[in-house]
Amino acid sequence: MTAATIIDGKLLAGTLRKAVRGEVARLSRTERLTPGLAVVLVGDDPASNIYVRSKAQQTEEVGMKSFVHRLPADVREGELLTLIQGLNNDHRVHGILVQLPLPSHVRSDVVLQSVDPEKDVDGFHVVNAGRLAAGIDGAMVPCTPSGCLQIIKSIRPHLGAQQALIVGRSNIVGKPMALLLLAEDCTVTIAHSRTADLPSACRQADILIAAVGKPHLIRGTWIKPGAVVVDVGINRVTDASGKTRLLGDVAFAEAVGVAGAITPVPGGVGPMTVACLLRNTLIAACRSRRIDIPDLYLTHAAMRNCEF
Ligand code: GUN
């Protein structure tokens, strides 16, 4: 049996970041505009801390300004809303990201909907979700599904007539992923915890996206031979010896012998998510000044050669 192509998310992300860095330099030179990204972190969740540090570092590496706001876990919701209002009005800030999850005493919906839709680089505001659902120009597209689509198109540039199955129905990944694949002419199904016979549903899929947060839920025998498998899961598990490991939602060692192409965990979807966040920040900065937005969707040729 031939082994699947292992998709190098780090390489694709590096290519996209390079393109963003080039555009940021051009904006700075010709428009005297430096895009800025504000990240808000509440509490001291170790995983969120690592993600936020990495986002800030990559923001600066592409030449953008990074503003990180750390608030204590017991912050009052009102205080958080006041901070976001200030960022909405700050002309140095073009993108705002509130790191999730928020503590349970804070209403996440209220907080996310308080972000100015034009600065909503996560694409979680109802205005952006609505634009995406209705196919109206100007939607900020959530970063993880946006990165997944680029990954899929690096293998299959034309997706018409493909059967796509998304396992997971979250607002962050599953729902927007379905809309993006529908726009690419896939026939899309969303499966979830109540789906009957999930293995059979998976076996129909030419494109399989796993975004459920259950380590190794999807087994090798569930995969259609030759399918493109994208694993969004990042599950921290502690093994018998007390070591922590990151596992995807797909049993990689089994799936790699059946799939046509597959993303690893880590090193697959994660790096592309952050690169898409930087792209969204650049887009938001351009829109704020009505500057034409550069086309930063990687072409198939660019992705194959990994140069822009
Ligand atoms: N936490 C896990 N994934 C995400 C994401 O895509 N955006 C934000 N803001 N927080 C997250």
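The structure we're discussing is the one just above.
Before going into details, it helps to say that this report is about the structure given with it.

## Describing the site of the ligand
Here is step 1: The ligand sits among L97, V98, Q99, L100, D122 and F124.
Here is step 2: Within the contact set of the ligand, a nitrogen atom lies 3.0 Å away from a backbone nitrogen or oxygen of L100.

## So, the nonpolar core
Here is step 1: V20, I152, M177, L181, I209, V230 and L282 are the most contacted members of the largest nonpolar core, which totals 55 residues.
Here is step 2: Only α1 (9-31), β2 (36-42), α6 (143-155), β5 (163-167), α7 (174-183), β7 (207-210), β8 (228-231) and α10 (269-288) provide two or more residues apiece to this core.
Here is step 3: Broken down by element, this core gets its largest block of residues, eleven residues, from α10.
Here is step 4: Not counting residues within four places of it along the chain, the set of residues in contact with I209 comprises I152, L165, I166, V167, M177, L181, V230 and V232.

## Topic: the pairing of β8
Here is step 1: Burial along β8 is two-sided: V228 and V230 facing one way and V229 and D231 facing the other are all buried.
Here is step 2: Pairing geometry for β7 and β8, over four bridges, is parallel. Bridging from a neighbouring strand, A210 pairs with D231 of β8.
Here is step 3: Taken together, the two bridges between β8 and strand β11 (residues 261-262) define a ladder with parallel strand orientation. Paired with V228 across the two strands is A261, which belongs to β11.

## Description of the environment of V52
Here is step 1: Following the sequence through the fold, V52 ends up in helix α2 (residues 46-61).
Here is step 2: Look past the residues within four positions of V52 in its chain and what remains in contact with it is V39, L41, V68, R70 and Q99.

## What about the packing of α2 against α10?
Here is step 1: Following both chains from N to C, one finds α2 and α10 inclined at 50°, their axes separated by 10 Å at the closest point. Here α10 runs oblique to α2, going by the angle between their axes. In the crossing of α2 with α10, the sense of the turn from one axis to the other is right-handed. Seen from α2, the contacting residues are K55, Q58 and T59; seen from α10, they are V274, L277 and L278.
Here is step 2: Residue classes in the contact of α2 with α10 are distributed as three nonpolar, two polar and one charged.

## Things to note about unusual backbone geometry
Here is step 1: For the bond from L100 to P101, the omega torsion is 5°, close enough to zero to count as cis.
Here is step 2: Following the sequence through the fold, P101 ends up in the loop between β4 (95-98) and α4 (108-113).
Here is step 3: Notably, D197 is not glycine yet its phi reads approximately 55°, a positive angle.
Here is step 4: Relative to the assigned elements, D197 resides in the loop between β6 (187-191) and α8 (198-203).
Here is step 5: Even without a glycine there, the phi angle at R290 is positive, about 55°.
Here is step 6: Its place among the elements puts R290 in the loop between α10 and α11 (300-305).

Cut-off values and rules
- Residues numbered from 1 in each chain as written.
- Predicted model: local features only at pLDDT ≥ 70, side-chain atom pairs only at ≥ 80, totals over all residues.
- Heavy atoms only, no water.
- Near = heavy atom within 4 Å.
- Polar contact = N/O pair within 3.5 Å; in protein donor to acceptor, adjacent residues only side chain to side chain.
- Core = buried A, V, L, I, M, F, W, Y, C linked by side-chain atoms within 4.5 Å.
- Buried < 20%, exposed > 50% of the residue type's maximum accessible area, 1.4 Å probe, protein only.
- Helix = DSSP H or I, 4+ residues; strand = E, 2+ residues; numbered from the N terminus.
- Contact = heavy atoms within 4.5 Å.
- Pairing = 2+ DSSP bridges.
- Axes fitted to C-alpha atoms, helices over the stretch in contact; angles between N-to-C directions.
- Parallel < 35°, antiparallel > 145°, perpendicular 65-115°, else oblique.
- Left-handed = near helix turned anticlockwise from the far one by under 90°.
- Nonpolar A, V, L, I, M, F, W, Y, C, P; charged D, E, K, R; others polar.

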